[in-house]
Amino acid sequence: MRQNNIWLFFLIFSFVLVSCDSNRVFDTYKSIPEKWHKDFVVSFKITPPDSTNAYNLFVNLRNTNAYKYNNLFLIVEMVFPNGKTIKDTLEYKMADPSGKLLGTGYTDFKENKLWYKEQVVFQENGEYIINIQQAMRENGKVNGVIELEGITDIGFRIEKLQH
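Here the structure is a predicted model, which is why all the values come from computation and not from measurement.

1. Here's the deal with the overall build of the protein chain
Broken down by element type, the protein chain carries one helix and 10 strands. N-terminal to C-terminal, the α/β element order of the protein chain is α-β-β-β-β-β-β-β-β-β-β. If you take every contact in the protein chain between residues at least 6 apart in sequence, the share linking residues at least 24 apart comes to 76%. Surface accessibility of the protein chain: about 10,500 Å² in total, with carbon and sulfur atoms responsible for 53%.

2. Regarding unusual backbone geometry
For Gln-119, which is not glycine, the phi torsion reads 50° and is therefore positive. In this structure, Gln-119 sits in strand 7 (residues 109-121). In this structure Gln-119 comes out as exposed when scored by relative accessible area, which is 56%.

3. Some remarks on the environment of Leu-161
Topologically, Leu-161 is positioned in the segment after strand 10 (151-160). Spatially, the C-alpha atoms of Leu-161 and Gln-119 are 7.3 Å apart, while their sequence positions differ by 42 residues. Leave out the neighbours within four places in its chain, and Leu-161 touches Ala-54, Tyr-55, Asn-56 and Gln-119.

4. So, the pattern of salt bridges
Close approach of charged atoms lets side chains of opposite charge pair. What the rule picks out here adds up to eight salt bridges. A salt bridge links Asp-27 to Arg-157; its shortest N-O distance comes to 2.7 Å. Of this pair, Asp-27 sits in strand 1 (residues 24-31) while Arg-157 sits in strand 10, and the two are 130 residues apart along the sequence. Exposure remark for Asp-27: the relative accessible area of 30% places this residue in the partly exposed category.

5. Looking at the sheet that holds strand 3 (residues 42-46)
Reading across the sheet, the four strands line up as 3-8-5-6 and stay open at both edges, with antiparallel pairing between neighbours. In this open sheet, the two strands that pair with only one neighbour each are strand 3 and strand 6 (85-93). The average angle at which neighbouring strand axes cross in this sheet is 20°, direction not considered. Pairing analysis gives five bridges linking strand 3 to strand 8 (residues 128-134), with the strands arranged antiparallel.

6. Overview of the packing of aromatic side chains
Using the criterion set out here, one finds seven aromatic pairs in the structure. Relative to Phe-156, the ring of Tyr-116 has its centre 6.0 Å away and its plane inclined at 70°; by these criteria the two rings are edge-to-face. A residue pair is termed long-range when its members are at least 10 positions apart, and Tyr-116 in strand 7 and Phe-156 in strand 10 qualify at 40 residues. Each member of the pair, Tyr-116 together with Phe-156, is buried. Ring-pair connections join several aromatic residues into one group, and the members of that group are Tyr-55, Phe-80, Phe-122 and Tyr-128. The residue whose ring lies beneath Lys-30 is Phe-44, and the NZ or CZ to ring-centre distance is 5.1 Å.

7. Focus on the nonpolar core
Core analysis: the biggest nonpolar cluster contains 36 residues, and Trp-36, Leu-57, Tyr-67, Ile-132, Leu-148, Ile-154 and Phe-156 have the highest contact counts within it. Looking at this core, the elements that each hand over two or more residues are strand 3, strand 4 (54-64), strand 5 (71-79), strand 6, strand 7, strand 8 and strand 10. Not counting chain neighbours up to four residues away, the residues in contact with Ile-132 comprise Trp-36, Phe-40, Val-41, Val-42, Phe-44, Val-59, Leu-74, Ile-75, Val-76, Ile-154, Gly-155 and Phe-156.

8. Looking at the confidence of the model for the protein chain
In this model, the protein chain carries a mean pLDDT of 88, and residues with pLDDT of at least 70 account for 86%. Residue range residues 7-19 is modelled with pLDDT below 50. Its contacts to residues more than four positions away, or to other chains, number one contact.

9. Let's talk about the side chain of Asn-63
Mapped onto the fold, Asn-63 is located in strand 4. By relative accessible area, Asn-63 is classed as buried at 0%. Polar contacts involving the side chain of Asn-63 include one to the side chain of Asn-112, which spans 2.9 Å. Beyond its immediate sequence surroundings of up to four residues, Asn-63 is in contact with Met-94, Leu-101, Asp-108, Phe-109, Lys-110, Asn-112, Gly-150, Ile-151 and Thr-152.

Basis of the calculations
Residues numbered from 1 in each chain as written. Predicted model: local features only at pLDDT ≥ 70, side-chain atom pairs only at ≥ 80, totals over all residues. Heavy atoms only, no water. Helix = DSSP H or I, 4+ residues; strand = E, 2+ residues; numbered from the N terminus. Contact = heavy atoms within 4.5 Å. Areas by Shrake-Rupley, 256 points an atom, 1.4 Å probe, with all protein chains shown as cover. Buried < 20%, exposed > 50% of the residue type's maximum accessible area, 1.4 Å probe, protein only. Salt bridge = Lys/Arg side-chain N within 4 Å of Asp/Glu carboxyl O. Pairing = 2+ DSSP bridges. Axes fitted to C-alpha atoms, helices over the stretch in contact; angles between N-to-C directions. Phe/Tyr/Trp six-rings, centres within 6.5 Å; stacked < 30°, edge-to-face > 60°. Lys NZ or Arg CZ within 6 Å of the ring centre and 35° of its normal. Core = buried A, V, L, I, M, F, W, Y, C linked by side-chain atoms within 4.5 Å. pLDDT = per-residue confidence, 0-100. Polar contact = N/O pair within 3.5 Å; in protein donor to acceptor, adjacent residues only side chain to side chain.

Written as structure tokens, this is what we have:
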């Protein structure tokens, strides 16, 4: 009986925590197959709420202890409604100098909220597409990591600016 009460408390606490996230405009995750192949692109279709306010954009990811690198390289592409494309190669730190994975979480699973762009105004009306692809390389090797292990989910988040 006591264990049921603990789970009920955890469920209610999680719901309250998520409900209080008033800055969230868009927040969605997509699962990665067992290994993230270098050619596998994760796409998000977004229709921004307005064309006047600025927003902060984030790449979210969940990983396990099977992730064996200190950093992560991603290619993030934003396709505008008119077809214009902006492509960025981004590097994120994933572990501290001792090799301990960064992120939140108390188990073998970690969650990371990674900056993508700050104070973005979606000036065009219509649907934007965000494409995310892994671009990992091992030191001394020309070819990229074909199948990246340890990433379980990729997400994209849009937040209102905090005032």
